[in-house]
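# Fold and geometry: a report
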Amino acid sequence: AQSVTQLGSHVSVSEGALVLLRCNYSSSVPPYLFWYVQYPNQGLQLLLKYTSAATLVKGINGFEAEFKKSETSFHLTKPSAHMSDAAEYFCAVSGGKLIFGQGTELSVKP
Amino acid sequence: SAVISQKPSRDICQRGTSLTIQCQVDSQVTMMFWYRQQPGQSLTLIATANQGSEATYESGFVIDKFPISRPNLTFSTLTVSNMSPEDSSIYLCSVGTGIPNEQFFGPGTRLTVL
């Protein structure tokens, strides 16, 4: 069975600072991994995905994530936070259907 | 990517009533899904909407409470029946993209039950 754990339900950074949102997965098969973003009062938007090609995955809006099998992690990073990055971020793993983590709310302080 | 719309975008309903949510996609898709997002929570899959056959429900969700229709490859409806305040949630439809398990989501329907 697959599962996802997002460490930290809320992360706060200053504008221009590094964004690091943590995701650890559990999967009995090689996983497909996704990061989605949900802006206030909107649906989910796909940020990036890992599908067993390159371990460093680049997504939209300057985000990227690195798949580390040895650590069973797929952390999301962005070098410099922008106010518009404030949103809820969900990590998801699939092995037949999508399993979502609990989400991390990112706040960006001016 | 597919453009997905949902109607209504939000609604406030009285307990004991039912609400039907529509999901429209601008292209034909094989896989359509319905999710529930309770306040402050993550997403939970309700069911897979199958074209031409009955929906496949996840554990904890039943057809009598959440009947689903999928008349063609671009449209699906989810009905929330005999609503109670516990049904207050965001309901989202999604579609498969062809890449294994990758999904695009609609904007969601925000339901409040009084």
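This text gives an overview of the structure that appears in the document. (Residues numbered from 1 in each chain as written. Chains lettered and ligands numbered in written order. Predicted model: local features only at pLDDT ≥ 70, side-chain atom pairs only at ≥ 80, totals over all residues. Heavy atoms only, no water.)

### Describing the environment of E54(B)
Residues and elements named next belong to chain B. Rules: Only runs of H or I of at least four residues qualify as helices and only runs of E of at least two qualify as strands under DSSP, and these elements are numbered from the N terminus. Exposed residues in this analysis have more than 50% of their type's maximum accessible area, buried residues have under 20%, and partly exposed residues fall in between, with area computed by a 1.4 Å probe over protein chains only.
Tracing the sequence through the fold places E54 in the loop between β5 (43-49) and β6 (56-57). According to the relative accessible area criterion, E54 is exposed, its value standing at 59%. In sequence terms E54 and C13 are 41 residues apart; their C-alpha atoms lie 27 Å from each other.

### Overview of the state of the cysteines
In plain terms, the rule: Note on terminology: pairs of cysteine sulfur atoms within 2.5 Å are recorded as disulfides.
Applying the stated criterion to the full structure yields 2 disulfides over all chains. Here C23(A) is linked by a disulfide to C91(A), with a sulfur-sulfur distance of 2.0 Å. In this structure the cystine formed by C23(A) and C91(A) twists about its S-S bond by roughly -60°; its chirality is therefore left-handed. Residue C23(A) is found in strand β3 (residues 19-26), and its partner C91(A) is found in strand β9 (residues 87-94); the two are separated by 68 residues along the sequence. Sulfur-sulfur distance for the disulfide between C23(B) and C93(B) comes to 2.0 Å.

### Brief notes about the sheet that holds strand β1 (residues 4-7) of chain B
Residues and elements named next belong to chain B. Filter applied, for reference: Being paired, for any two strands, means DSSP has found at least two bridges between them. In this analysis an axis means a line fitted to C-alpha atoms, helices contributing only their contacting stretch, and an angle means the value between N-to-C directions, from 0 to 180 degrees.
The sheet built from 4 strands is open, its strands ordered β1-β3-β8-β7 with antiparallel pairing. Looking along the sheet, the strands with just one partner apiece sit at the ends: β1 and β7 (68-72). Strand-to-strand twist of the sheet, defined as the mean angle between neighbouring strand axes without regard to direction, takes the value 15°. In this sheet, strand β8 (residues 75-80) lies alongside strand β3 (residues 19-25) in antiparallel orientation, the contact comprising 6 bridges. Across the sheet, residue T20 finds its bridge partner in β8, namely T79.

### What to know about the interface of chain A and chain B
One frequently used descriptor of interface size is the decrease in accessible area upon assembly of the parts. So the rule is basically this: Residues count as neighbours in contact if any of their non-hydrogen atoms are within 4.5 Å of one another. Simply put, the buried area is the total loss of 1.4 Å probe accessible area from both parts when two parts are fitted together. We define a salt bridge as a contact between a side-chain nitrogen of Lys or Arg and a carboxyl oxygen of Asp or Glu at a distance within 4 Å. Polar here means any residue other than Ala, Val, Leu, Ile, Met, Phe, Trp, Tyr, Cys and Pro, which are nonpolar, and Asp, Glu, Lys and Arg, which are charged; Gly is therefore polar.
Each partner contributes to the interface: chain A provides 20 residues, whereas chain B provides 19 residues. Here chain A meets chain B over a buried area of about 1,500 Å², counting both sides, of which 53% is carbon and sulfur. In this structure, the connection of chain A to chain B is made through 2 salt bridges. Residues E102(B) and K49(A) are paired through a salt bridge, measuring 2.9 Å at the closest nitrogen-oxygen approach. Residue contributions to the side of chain A that touches chain B peak at 4 residues, all from strand β4 (residues 32-38) of chain A. Across the side of chain A that touches chain B, the residue classes break down as 8 nonpolar, 10 polar and 2 charged.

### Brief notes about the pattern of salt bridges
It is possible for side chains bearing opposite charge to pair when their charged atoms get close. According to the stated counting rule, one finds 5 salt bridges over all chains in the structure shown. Here E64(A) and K58(A) are joined by a salt bridge, their closest N and O atoms 2.8 Å apart. The shortest N-O distance in the salt bridge between K97(A) and E58(B) comes to 2.2 Å. A residue pair is termed interchain when its members come from two chains, as with K97(A) in the loop between β9 and β10 (98-100) and E58(B) in the loop between β6 and β7. Taking relative accessible area as the criterion, E58(B) reaches 18% and is therefore assigned buried.

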